[in-house]
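# Remarks on the overall topology
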Amino acid sequence: LLAARLTDGITSELARLGTLHVMSHTSARQFAGVRSPLREIARALGADLVVEGSIETTPGRVRVSVRIVDGATDQKIWVKDFDGSTSDVPALERNIAAAIAGALVTRQR
C-alpha cells in the first residue's frame, strides 16, 4: 500500500512539473512483479528511461531507494536513497520527484 501510494504521488509530482512525459501508474503497474527484461518493458511502454524503486520501513520511518535506468541499455544512470517520516509521505514524494527531475535536467545538458 505504501509503495503504491509513493509511486502514484511521485509520478503525479513529476507530471505536475510539466517538463517530462510520465506514464500513468496504471500503465506501469501492469508490469509489477513481471520478470521480463527491462528493455522489453521500456519498449512496451514507449519509455526511454524507467524509474525503479524499493522501500524499507521501520516504525515511523521509510527509506526509498530510487534508480533511473536507461530503457535501451538497462544501465543505471542515477541512484539515490531518500529517508523520511511515514507521517509526511507527501514531502518525501515531492523531494524524490524534484531530485529525479534535477537528475534528468543535468543529464540532458
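Nothing here was measured: the structure is a model prediction, and the numbers come from that model.

Turning to the packing of aromatic side chains, a few remarks are in order. Aromatic rings considered in pairs are described by the distance between their centres and by the relative angle of their planes. Under the definition given, this model contains one aromatic pair. Considering the side-chain rings of Trp78 and Phe82, the 6.4 Å spacing of their centres and the 45 degrees angle between planes classify their relative orientation as tilted. Note on Trp78: relative accessible area 19%, which makes it buried.

It is worth spelling out the pairing of strand β1 (residues 49-58) at this point. Where β1 and strand β2 (residues 61-70) come together, ten bridges link them in antiparallel fashion. When the sheet's bridge partners are listed, Gly53 is paired in β2 with Val66. Counting the residues that bridge the hairpin from β1 to β2 gives two residues, and of these Gly60 lies at a positive phi of roughly 80 degrees.

Moving on to the pattern of salt bridges. Under the definition given, this model contains three salt bridges. Between Asp83 and Arg63 there is a salt bridge whose closest N-O contact spans 2.8 Å. Taken together, the positions of Asp83 in strand β3 (residues 76-85) and Arg63 in strand β2 put the pair 20 residues apart, joining distant regions of the chain. Take Arg63: its relative accessible area is 33%, and that puts it in the partly exposed class.

Next up on the list: the environment of Phe31. Here Phe31 shows up in the loop between α2 (25-29) and α3 (38-45). In the structure, Phe31 is positioned 14 residues away from Leu45 in sequence and 9.9 Å away in space, judged by C-alpha atoms. Leave out the neighbours within four places in its chain, and Phe31 touches Ile41, Ala44 and Leu45.

Moving on, we get to the side chain of Glu93. When you line up the elements, Glu93 lands in helix α4 (residues 89-108). Within the buried set, Glu93 has no salt-bridge partner at all; the shortest N-O distance to an opposite charge, 4.6 Å, is to Arg5.

Attention now goes to α3. Three or more residues of α3 are buried, namely Leu38, Ile41, Ala42 and Leu45. All buried residues of α3 lie within an arc of 100 degrees about the axis, which places them on one face of the element. For α3, the exposed residues set more than 90 degrees away from the buried face come down to Arg43 and Ala44. If you follow the buried residues of α3, they end up packed against α2, β1 and β2. Gly46 sits one or two positions beyond α3 and adopts a positive phi of about 70 degrees.

Cut-offs and rules
- Residues numbered from 1 in each chain as written.
- Predicted model: local features only at pLDDT ≥ 70, side-chain atom pairs only at ≥ 80, totals over all residues.
- Heavy atoms only, no water.
- Phe/Tyr/Trp six-rings, centres within 6.5 Å; stacked < 30°, edge-to-face > 60°.
- Buried < 20%, exposed > 50% of the residue type's maximum accessible area, 1.4 Å probe, protein only.
- Pairing = 2+ DSSP bridges.
- Helix = DSSP H or I, 4+ residues; strand = E, 2+ residues; numbered from the N terminus.
- Salt bridge = Lys/Arg side-chain N within 4 Å of Asp/Glu carboxyl O.
- Contact = heavy atoms within 4.5 Å.
- Lys, Arg positive; Asp, Glu negative; His and termini not counted.
- Arc of directions from axis to C-beta.

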